[in-house]
Each structure stands twice: as C-alpha cells, then as structure tokens.
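Here is what each chain is made of, one letter per residue.
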Amino acid sequence: MTFSYYRNIYLSDTDAAGVLYFAQGMSICHEAYEEWLNAQGVSIQTILKEKKFALPIIHGEIDFFSPIFCGYRLQIDVKCVPIKDREYAIAYQVFSTSSPDKLLAKALTKHVCINPITRKRVPLPREILGE
C-alpha cells in the first residue's frame, strides 16, 4: 500500500540557485518515512522511549530526474518493501503536485531491525510491515 506525504520546498531547502539540495532531498524523504510510520500506528517517540527495537538505515540513495525548485509543492509516495524478516526497504517517488504525472526524483532507504542494547538483528514488529 502506498502512503502519500505532501511538503512545500522552502528557500532553506535549496542551494544558491534555488534548487533542492540533494541531502535535503533525503531528509524530506525521511520526513515522509516518519509520517508513514505514524500512519501505521508506530510512534517514534515510543520506540525511542521503550528501546525494544531500533530501525537504523543501512543504505540510502536518491536519483533526481528534474530540478526541484523553491516554491514547489511535492507529493512523496512512500511504499514499504519487505526484504527479509529483519530488513525492509522504503521506496519513495517524488512528484510536483502541479505535474503529478512527472517523476521528479526517486529514493530508497534500507532498514534493519535491531535490539538497541545488543545491536543484534531481531525480527521486525508486525506493525512496521502494516500487518
């Protein structure tokens, strides 16, 4: 199931030319990921407080197909892709709301579920996969 997150691009998100800075692109995707978790009923605050598991990113990538300028309103589509019982990926597709058929960027983050004390991999909680 795909989740959509909407975000304006502000001047502070851009470089001197008014174009979205690549690292900020990943940061915005991570905002979308956090909102997706919240929509799944997964509270980051609770995860951090209870320390039952952690979900570190082990890989991240982003590809831009067109410049993203200050003033754009983006739609970031988020989809969870299970990999193994202890890993999953989040695939992001970025569109402008004014041209929803034109893919501006795509990104991917891979996550692993670990015990935050032992740092060993543990099975993913059901709520992460939307079960």
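Residues numbered from 1 in each chain as written. Predicted model: local features only at pLDDT ≥ 70, side-chain atom pairs only at ≥ 80, totals over all residues. Heavy atoms only, no water.

S.K.: Help me understand the environment of Ala91, please; the structure alone is not making it clear to me.
M.R.: Locating Ala91 in the fold gives a position in strand E4 (residues 87-96). Sequence-wise, Ala91 and Ala107 are 16 residues apart; in three dimensions their C-alpha atoms are separated by 6.0 Å. In this view, Ala91 contacts Asp77, Val78, Lys79, Ala107 and Leu108; residues no more than four positions away in its chain are not counted. (Helix = DSSP H or I, 4+ residues; strand = E, 2+ residues; numbered from the N terminus. Contact = heavy atoms within 4.5 Å.)

S.K.: Would you take a moment to explain the nonpolar core for this structure?
M.R.: Among soluble globular proteins, nonpolar side chains are generally buried collectively. Ranked by size, the top nonpolar core spans 29 residues in total, and within it Leu55 and Ile76 carry the most contacts. Of all the elements in the fold, those that place two or more residues in this core are helix H1 (22-39), strand E3 (73-84), E4 and strand E5 (99-112). Counting residues per element, this core draws most heavily on H1, which supplies six residues. If near-sequence neighbours (up to four positions away) are discounted, Leu55 is found in contact with Tyr33, Ile47, Tyr88, His111, Val112, Cys113, Leu124 and Ile128. (Core = buried A, V, L, I, M, F, W, Y, C linked by side-chain atoms within 4.5 Å. Buried < 20%, exposed > 50% of the residue type's maximum accessible area, 1.4 Å probe, protein only.)

S.K.: Would you mind showing me how to read the side chain of Gln75 here?
M.R.: Inspection of the secondary structure assignment puts Gln75 in strand E3. At 2.7 Å, the side chain of Gln75 forms a polar contact with the side chain of Asp77. In this structure, Gln75 is in contact with Ser4, Tyr5, Tyr6, Gln93, Val94, Phe95 and Thr97, ignoring residues within four places of it in sequence. (Polar contact = N/O pair within 3.5 Å; in protein donor to acceptor, adjacent residues only side chain to side chain.)

S.K.: Just checking my understanding: could you explain the pattern of salt bridges for this structure?
M.R.: Two side chains with opposite charge may pair up if their charged atoms get near one another. This structure, assessed with the given rule, holds five salt bridges. The closest approach of N and O atoms between Glu31 and Arg7, which form a salt bridge, is 2.8 Å. Of this pair, Glu31 sits in helix H1 while Arg7 sits in strand E1 (residues 2-8), placing them 24 residues apart in sequence. Using a relative accessible area of 23% as the deciding quantity, one classes Glu31 as partly exposed. The class for Arg7 is buried, based on a relative accessible area of 11%. For Asp85, the salt bridge is made with Arg86, and the minimal N-O distance between the two is 2.9 Å. For Asp85, a relative accessible area of 47% corresponds to the partly exposed category. The class of Arg86 is partly exposed, set by a relative accessible area of 29%. Residues joined by salt bridges that share partners form a network here, namely Arg7, Asp13 and Glu31. (Salt bridge = Lys/Arg side-chain N within 4 Å of Asp/Glu carboxyl O.)

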